[in-house]
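Summary of structural features
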Amino acid sequence: MGRHRVVVVGGGFGGLQAVLKLRRAPVEVTLVDRRNFHLFQPLTYQVATGALSAGEITYPLRGIFKRDRNVRVVLADVADFDLDARELHLRSVSAVPVARRLGYDTLVVAGGSHYSYFGHDEWRTYAAGVKSLESALAVRSRLLAAFEAAEAEPSADARDEWLTFVVVGAGPTGVEMAGTLAEIAQHTLEGEFRRIDPSSAEVLLMGKQGVDGVYSADPHKHPDAIKFDDLTYDEYLSRNLKVADATAISMARDYKLPMIFFSLDTDGTIVKVVAGERIGTTVHA
Ligand SMILES: Cc1cc2nc3c(=O)[nH]c(=O)nc-3n(C[C@H](O)[C@H](O)[C@H](O)COP(=O)(O)OP(=O)(O)OC[C@H]3O[C@@H](n4cnc5c(N)ncnc54)[C@H](O)[C@@H]3O)c2cc1C
């Protein structure tokens, strides 16, 4: 009888750990991924902002397991599972030939997750995420193209529009992303353009669903909670407020990024905020 066959779907954080733990076990492991590399997702925002190159956050799966003779890597897209037959249905990637079915004794599925646009799926077309390498590279080319377009633009108003960046989501990734953008605008691109001053690029950081600003307490639980129009970073931190976590606020303070908290629940609010209308709560220096 052959050795126990373990099939792991996904070479991300979860799948990689599963295979690393099994590589000395008396089993045959097959790792299936639609990409031939492991992506270090926590740094994709750095690729999206041009601070790192793609090669610095990707690691070839075959290279990682080259010494582990019981581990086989298969480049394929998992199209379906047949749990009764204990088989995966595979699809070819980049026209690479692949067996259509792959049997297993034990199956580990670690295929990751998708972005949620929190009921605003129409934003998907305009706002690429930074979860995959492809989407991070798409964001990077859009960002750098915006500086180029601003440089080519004769009208000052239109230049300002190109240099207005909006990051929705004030968690650690949003703040890091906005901070890196500010760094690129203020330092990396310094002196490289003739018509525009990249350091004048505006970075607005915003977000939140279910609340329309920063309150003294959770307004859902405390109807008498007071809404602030504006707060300094230090006031926010000393009051121990909870709309964004303290790390995000401290990072925004370090990057000197004003944060505007407003509700994403009402259509059109985001456009008003970008246009300069005072909505929600501003947290600033
Ligand atoms: C910008 C950013 C910053 C982050 N920062 C942190 C942090 O600081 N700390 C932290 O703990 N976490 C952080 N995370 C979250 C962390 O990266 C994820 O939780 C983690 O990558 C999830 O691992 P996973 O194995 O579940 O999925 P993934 O890493 O997404 O891997 C899934 C794999 O499955 C493959 N796959 C999916 N579907 C198929 C299919 N049908 N066929 C074949 N292959 C398939 C994909 O190609 C991929 O390789 C961050 C995430 C992002 C995007």
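Residues numbered from 1 in each chain as written. Predicted model: local features only at pLDDT ≥ 70, side-chain atom pairs only at ≥ 80, totals over all residues.

**Digging into the sheet that holds strand E6 (residues 77-82)**
We apply this condition: Here a strand pair is declared whenever DSSP counts at least two bridges between the two strands. For helices the rule is a DSSP run of H or I covering at least 4 residues; for strands it is a run of E covering at least 2, with both sets numbered from the N terminus onward. Angles shown run from 0 to 180 degrees and are taken between the N-to-C directions of axes, each axis being a line fitted to C-alpha atoms and, for helices, limited to the stretch in contact.
A sheet is described by the order of its strands in space; here 3 strands give the open sequence E6-E7-E8, paired in antiparallel fashion. Of all the strands in the sheet, just E6 and strand E8 (101-103) have a single pairing partner and so form its edges. For this sheet, the mean inter-axis angle between neighbouring strands, taken without regard to orientation, is 30°. Across 3 bridges, strand E7 (residues 87-91) lies against E8 in antiparallel orientation. Note on E8: the bridge partner recorded for His89 is Arg101.

**Remarks on the domain arrangement of the chain**
This is how the line gets drawn: An automatic or database domain assignment is the source of the domain bounds shown. Residues were grouped as follows: Ala, Val, Leu, Ile, Met, Phe, Trp, Tyr, Cys and Pro as nonpolar; Asp, Glu, Lys and Arg as charged; and all remaining residues, including Gly, as polar.
Per the domain assignment, the segments of the chain are domain 1 (4-109) and domain 2 (121-284). The distance between the C-alpha centroids of domain 1 and domain 2 comes to 35 Å. Per-element accounting of the side of domain 1 that touches domain 2 gives the leading share, 5 residues, to helix H2 (residues 44-48). Here the side of domain 1 that touches domain 2 is composed, by residue class, of 6 nonpolar, 6 polar and no charged.

**Observations concerning helix H1 (residues 13-22)**
Spelled out, the test is: To assign burial, the other C-beta atoms lying within 10 Å of each residue's own C-beta are counted, with C-beta atoms placed from the backbone; 20 or more indicates buried, 12 or fewer indicates exposed, and intermediate counts indicate partly exposed. When we speak of the arc, we mean the arc of directions from the helix axis to the C-beta atoms. Contact between two residues is assigned when their C-beta atoms, built from the backbone, lie within 7 Å.
Of the positions making up H1, those classed as buried are Gly15, Leu16, Ala18, Val19 and Leu22. Looking straight down H1, one finds its buried side chains confined to an arc of 160°; they lie on one side. The secondary structure elements touched by the buried residues of H1 are strand E1 (4-9), strand E2 (27-33), strand E3 (37-39), strand E5 (71-75) and strand E9 (106-109).

**Some words on the nonpolar core**
Stated precisely, the cut-off is as follows: In this usage, the nonpolar core is the set of buried Ala, Val, Leu, Ile, Met, Phe, Trp, Tyr and Cys residues whose C-beta atoms join them within 7 Å.
Ala48, Ala178, Val214, Ile249, Ala252 and Val283 are the most contacted members of the largest nonpolar core, which totals 35 residues. Among the elements of the structure, H2, helix H4 (133-152), helix H6 (172-188), strand E12 (214-215), helix H7 (233-238), helix H8 (246-255) and strand E15 (259-261) are those that each provide at least two residues to this core. Top contributing element to this core by residue count: H6, with 7 residues. When near neighbours in sequence (up to four residues on either side) are disregarded, Val214 contacts Phe228, Leu231, Leu241, Val243, Phe261, Thr281 and Val283.

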